[in-house]
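# Secondary and tertiary structure notes
Chain residues, written in single-letter form:
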Protein chains: 2
Amino acid sequence: MIIAAIVKNKQNILYGVCLALLLLLLKWLEWRFVIVDNAFEFYAGSIAVIFTGLGIWLAIKLITPKLKTVIIEKHVPAAANFVLNEAELNRLRLSARELEVLQLMAEGLSNQEIAERLFVSLNTIKTHSSNLFIKMDVERRTQAVEKAKRLSLIP
Amino acid sequence: MIIAAIVKNKQNILYGVCLALLLLLLKWLEWRFVIVDNAFEFYAGSIAVIFTGLGIWLAIKLITPKLKTVIIEKHVPAAANFVLNEAELNRLRLSARELEVLQLMAEGLSNQEIAERLFVSLNTIKTHSSNLFIKMDVERRTQAVEKAKRLSLIP
DNA sequence: TTTCCATTCATACTTTAGGGTGATTTTTAA
DNA sequence: TTAAAAATCACCCTAAAGTATGAATGGAAA
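Residues numbered from 1 in each chain as written. Chains lettered and ligands numbered in written order. Predicted model: local features only at pLDDT ≥ 70, side-chain atom pairs only at ≥ 80, totals over all residues. Heavy atoms only, no water.

Our focus in this paragraph is the pattern of salt bridges. Pairs may arise between side chains of opposite charge once their charged atoms sit close together. Residues and elements named next belong to chain A. Counting across every chain of the model gives 10 salt bridges over all chains. One salt bridge connects Glu88 with Arg91, and the closest N-O pair in it is separated by 2.6 Å. A residue pair is termed a helical-turn pair when its members lie 3 or 4 positions apart in one helix, as Glu88 and Arg91 do in helix α4 (residues 86-92) at three residues. Judged by relative accessible area, Arg91 falls into the exposed class, the value being 58%. Between Glu100 and Arg97 there is a salt bridge, with its nearest N and O atoms 3.1 Å apart. Taken together, the residues Glu100 and Arg97, both in helix α5 (residues 96-106) and three residues apart, mark about one turn of the helix. Overall, the relative accessible area of 30% leaves Glu100 in the partly exposed class. By relative accessible area, which is 31% here, Arg97 ends up partly exposed. (Salt bridge = Lys/Arg side-chain N within 4 Å of Asp/Glu carboxyl O. Helix = DSSP H or I, 4+ residues; strand = E, 2+ residues; numbered from the N terminus. Buried < 20%, exposed > 50% of the residue type's maximum accessible area, 1.4 Å probe, protein only.)

Near DNA strand C lie 17 residues; those nearest to it are A:Ser95, A:Val120, A:Ser121, A:Asn123 and B:Arg141. For DNA strand C, the fraction of protein-proximal atoms (within 4 Å) that sit in sugar or phosphate groups is 65%. For DNA strand C, a phosphate oxygen lies 2.8 Å from a polar atom in the side chain of A:Thr124. Counting only elements with at least two residues in the surface near DNA strand C, the list comes to α5 and α7 (122-136) of chain A together with α7 (122-136) of chain B. Top contributing element to the surface near DNA strand C by residue count: α7(A), with four residues. Looking at the surface near DNA strand C residue by residue, the class counts come to three nonpolar, nine polar and five charged. (Near = heavy atom within 4 Å. Polar contact = N/O pair within 3.5 Å; in protein donor to acceptor, adjacent residues only side chain to side chain. Nonpolar A, V, L, I, M, F, W, Y, C, P; charged D, E, K, R; others polar.)

Bear in mind that shape data such as this cannot, by itself, settle questions of function.
In structure tokens, the structure reads:
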């Protein structure tokens, strides 16, 4: 907390230190002036103050503009980051076989083609798809595919 | 170009300036020392050098940590940034009406529903869809939707 | 062991989709 | 202004999709 406060108020601390130094310098100059009454002492003090300022000015003017560098990253491919919505999948109580049929429907396959792909009869696929539509609360395969994609059941 | 070079070599220029100032100071001190033989002049010069260094040190130590690199990562959703593949759309020579029918097919609507949505007869939609399938080189609406999505003809 | 459920298949039927052909009207481009 | 393209609709027919019902099998849970 203390360190954080110091870091946060760096600028203010810098000003404080400068002010303290200046006051010290003036006090010292005043003492020298009074005791010794030497103009060279005042001259030296002035040089100290001016060159301290010069040093600070130089450092600030030539170093601080470094604060920049903004990198903007973006864009994610569509199909690459597909995550199956398991919650929705469980909620709809779709069986493994029904999901399989749904995936092949989404690829544009006909019932006959799905049947051949899965080595079962056309009637079996019809049964699966009918049960699928009831569970998904749709009436057509196109609706099922649309809803499945919307719910992230398929890519 | 000159300004860019200056900006790029800020640090080097700073060192150069400091070195030049130091040399000038030494030369001046030497001159003062020889001509007037005054120890206070040398004292003033030393103060100038020391306080310049102090100023620079202060500024660097307390200000430079500001040069922070800020990285902003922008995450863009997949569906949000849909861009229609106009090249492919022109290549397939799909008419405006055909694309409209295709979009409604993708929403899972039946031909009858599409006809009602577009205030035309069922036969008209059948004609459009038939022409659409020929142009897209597919045989079923599900295939058409899959291909259209793959080719970014529809979101 | 019995019940439940997923998977499989069948038959019969209805609805929707799709193919082919032809035609009319409107719009667009040459 | 004329030809081409787009949009509209109709009819007929086939293929595919979807509904309903029933049933056999095998695995997992109660």
